[in-house]
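Reading the structure
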Amino acid sequence: MGSRATCGSVLSIALFILTGCTPLGLNTARSDTNGLPPAAPPIIAPEQGSSLSSPEIWGEHRKAYLRGAFEAWVYGPVPSELRAVEIARRTVDEAYAGGLGILEEVEVRVGEGPQAPTFHIALATPRSVPPGMRSPLIVGENFCGNPTIAEAPSLSPPKNGEGCSATGAVGAVLRAIFGRHILESPNEEILRRGYAYANVYPGELVADNPRRARSDLEVFSALLPESRRPRGAIAVWAAAFGWSLDVLEEDPRIDPARTAIYGHSRHGKAALLAGALDSRIEAVIAHQSGRGGASLTRSRTGETLTRITSSYPHWFDPNFVRFGMRPDDPPIDQHMLIAMLAPRPVLLGNGWRDVWSDPNSAFRAAAGATVVYDLLGVPGLTQRGMSDQSSEGAIDYYIRPGGHGVTEGDWKRFMDFLDHRLR
Ligand code: GCU
């Protein structure tokens, strides 16, 4: 009986995986976008006229309208009106990453007052920078805390980080399934290529846990009027990219005109949102951001809306649960979020076997956003299909074999993209 039950569970787990009901899906994303609905609704409001000939159609007014719609329907208010300041800094390693860089830890406070939340940035800057030059910057968010991603145990252990185990058998399994760089970044290679690399564990601000997230979100009540209080973790994680820039752009070693942000999966959702709302961000890498990220909410493949809002009720505005369920559907979808990045470069990373993240509808969203890039005189998505990997446009749709995770090849592609687009 016992062994039958075990067999049954193994079989159902295997079926679950094979049918693509988890990020570990072993089936392959559909590569043909013909016959599938294009990104909807139209990106330019009908009352603005159907002509896309004038860049003025895409003005601050339209962006403000879209921000309001994404806040109302998907993410809740993004508290980017709060400013962040540095409150402490220490040097952690003068000869970091084999002597290629200097590692510092910066403590940051968001807003004013005794309840103002704080978080840490692990900042690695290259030691050798040509005279008179400043380094381009990548700000990344991570799953397991700054000491893990930076491979520097003397960084402060993250608040709310106890749930993550990067060591022992659990760490080994995570690396085997999701790739080595799911936990640690290729820190040496990033510095060798001349980038400053800042890392944030956004769970320090809002825990990635439904119960604790609720009380962390409450902290913002003292700082903001009721209508602007965040109602979902992703909105705060998105704002954390900007709060990092508030501090890092003051650093004379960093070039504020070359700042990129990076996020994988849930942090890819946050990175897209941050880039859409914060024009200081020059380039975005959103890898496998999936539902609530680059993939269309109206899509019928991959993770369902019901599933994401029930598994992760703390990520979004409670209204997101109702998206698409009513006859008066929200007048937005994720292609509009990508369009808000225009004309800035964005890399959308995907894996053929990561059906859960819905690479097919991410391609359609990228295609749907292109109209705004065109309007602003910059080619958006130039790839003719998902398999066409020769991107010439500002929207770079990247897809590789394999599933959900971050591999060495992914980081090489991320950095090639930045080398090409930021310099
Ligand atoms: C889950 C979730 C996804 C998310 C992913 C991640 O799989 O369903 O929406 O992107 O976790 O963050 O790794």
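Higher on the page you've got the structure.
In this text the structure is predicted, and so the values were computed from the model without any measurement.

Moving on, we come to the overall build of the protein. Broken down by element type, the protein carries 13 helices and nine strands. The C-alpha atoms of the protein give a radius of gyration of 21 Å, which matches the 22 Å a tight globule of 423 residues would have. Its C-alpha atoms give the protein principal-axis dimensions of roughly 70 × 55 × 45 Å. Looking at the protein residue by residue over its 423 residues, the buried ones come to 56%. A separation of at least 24 residues holds for 72% of the contacts in the protein among residues at least 6 apart in sequence. For the protein, the accessible surface area stands at approximately 17,300 Å², while carbon and sulfur atoms represent 57% of it. The centroid of the 42 positive side-chain charges in the protein is displaced by 5 Å from the centroid of its 46 negative side-chain charges.

When the terminal C-alpha atoms of helix α13 (residues 408-422) are compared, their 21 Å separation across 15 residues agrees well with the 21 Å that a helix rising 1.5 Å per residue should span. Taken together, the buried positions of α13 are occupied by D410, W411, R413, F414, M415, F417, L418 and L422.

Our next topic: the packing of aromatic side chains. Applying the stated criterion across every chain, the model contains 13 aromatic pairs. Ring geometry for Y75 versus F316: centroids 6.3 Å apart, planes at 35 degrees, classification tilted. Placement of the pair is Y75 in helix α2 (residues 60-75) and F316 in the loop between α10 (305-311) and α11 (334-339), with a sequence separation of 241 residues. Accessibility assignment for this pair places Y75 and F316 in one class, buried. Relative to W315, the ring of W237 has its centre 6.5 Å away and its plane inclined at 65 degrees; by these criteria the two rings are edge-to-face. One end of the pair, W237, is in helix α8 (residues 233-248); the other, W315, is in the loop between α10 and α11, and 78 residues separate them in sequence. Considered together, W237 and W315 belong to a single accessibility category, that of buried residues.

What follows covers the sheet that holds strand β4 (residues 135-141). Pairing within the open sheet is mixed, and its nine strands lie in the order β1-β2-β3-β5-β4-β6-β7-β8-β9. Both edges of this open sheet fall to β1 (84-95) and β9 (395-400), since each of them pairs with a single strand only. Pairwise comparison of adjacent strand axes, ignoring direction, gives a mean angle of 20 degrees for this sheet. Pairing between strand β6 (residues 254-264) and strand β7 (residues 283-287): five bridges, direction parallel. Pairing of G263 across the sheet is with A286, part of β7. Strand contacts of α8: β1, β2 (101-110), β3 (118-126), β4, β5 (196-200) and β6, with the helix running at about 150 degrees to β4, the strand carrying the most contacts. Set on the sheet, helix α12 (residues 359-375) makes contact with β8 (346-351) and β9; between it and β9 the angle comes to about 165 degrees.

Near the ligand you find eleven residues, and of these S265, R266, K269, E303 and W356 are the closest. Here an oxygen atom of the ligand sits 2.9 Å away from a polar atom, N or O, in the side chain of W356. H404 is positioned with one of its side-chain polar atoms (N or O) 3.2 Å from an oxygen atom of the ligand. Within the complex, the protein chains bury 92% of what would otherwise be the 320 Å² of accessible surface of the ligand. Residues of the shell around the ligand, tallied by class, amount to six nonpolar, two polar and three charged.

With that settled, the discussion passes to the side chain of D246. With respect to the element layout, D246 can be found in helix α8. Those residues within four positions of D246 in sequence are excluded, and the remaining contacts are L82, R83, A84 and R280.

This paragraph deals with the environment of R83. On the secondary structure map, R83 appears in the loop between α2 and β1. Sequence spacing of R83 and G377 is 294 residues, and the spatial spacing of their C-alpha atoms is 33 Å. For R83, the residues in contact, after removing those within four places along its chain, are R109, V110, G111, D246 and R280. In terms of polar contacts, R83 uses its side chain to reach the side chain of D246, at 2.7 Å.

Here the focus is the environment of I182. Relative to the helices and strands, I182 is located in the loop between α5 (168-178) and α6 (187-192). Since its relative accessible area comes to 13%, I182 is described here as buried. A C-alpha to C-alpha distance of 33 Å links I182 and R228, two positions 46 residues apart in sequence. Leaving out residues up to four positions away in the same chain, I182 has contacts with F143, L174, H264, G405 and V406.

Calculation rules
- Residues numbered from 1 in each chain as written.
- Predicted model: local features only at pLDDT ≥ 70, side-chain atom pairs only at ≥ 80, totals over all residues.
- Heavy atoms only, no water.
- Helix = DSSP H or I, 4+ residues; strand = E, 2+ residues; numbered from the N terminus.
- Rg over C-alpha atoms; globule rule 2.2 N^0.38 Å.
- Buried < 20%, exposed > 50% of the residue type's maximum accessible area, 1.4 Å probe, protein only.
- Contact = heavy atoms within 4.5 Å.
- Areas by Shrake-Rupley, 256 points an atom, 1.4 Å probe, with all protein chains shown as cover.
- Lys, Arg positive; Asp, Glu negative; His and termini not counted.
- Charge placed at Lys NZ, Arg CZ, Asp CG, Glu CD.
- Expected span 1.5 Å × (residues − 1).
- Phe/Tyr/Trp six-rings, centres within 6.5 Å; stacked < 30°, edge-to-face > 60°.
- Pairing = 2+ DSSP bridges.
- Axes fitted to C-alpha atoms, helices over the stretch in contact; angles between N-to-C directions.
- Near = heavy atom within 4 Å.
- Polar contact = N/O pair within 3.5 Å; in protein donor to acceptor, adjacent residues only side chain to side chain.
- Nonpolar A, V, L, I, M, F, W, Y, C, P; charged D, E, K, R; others polar.

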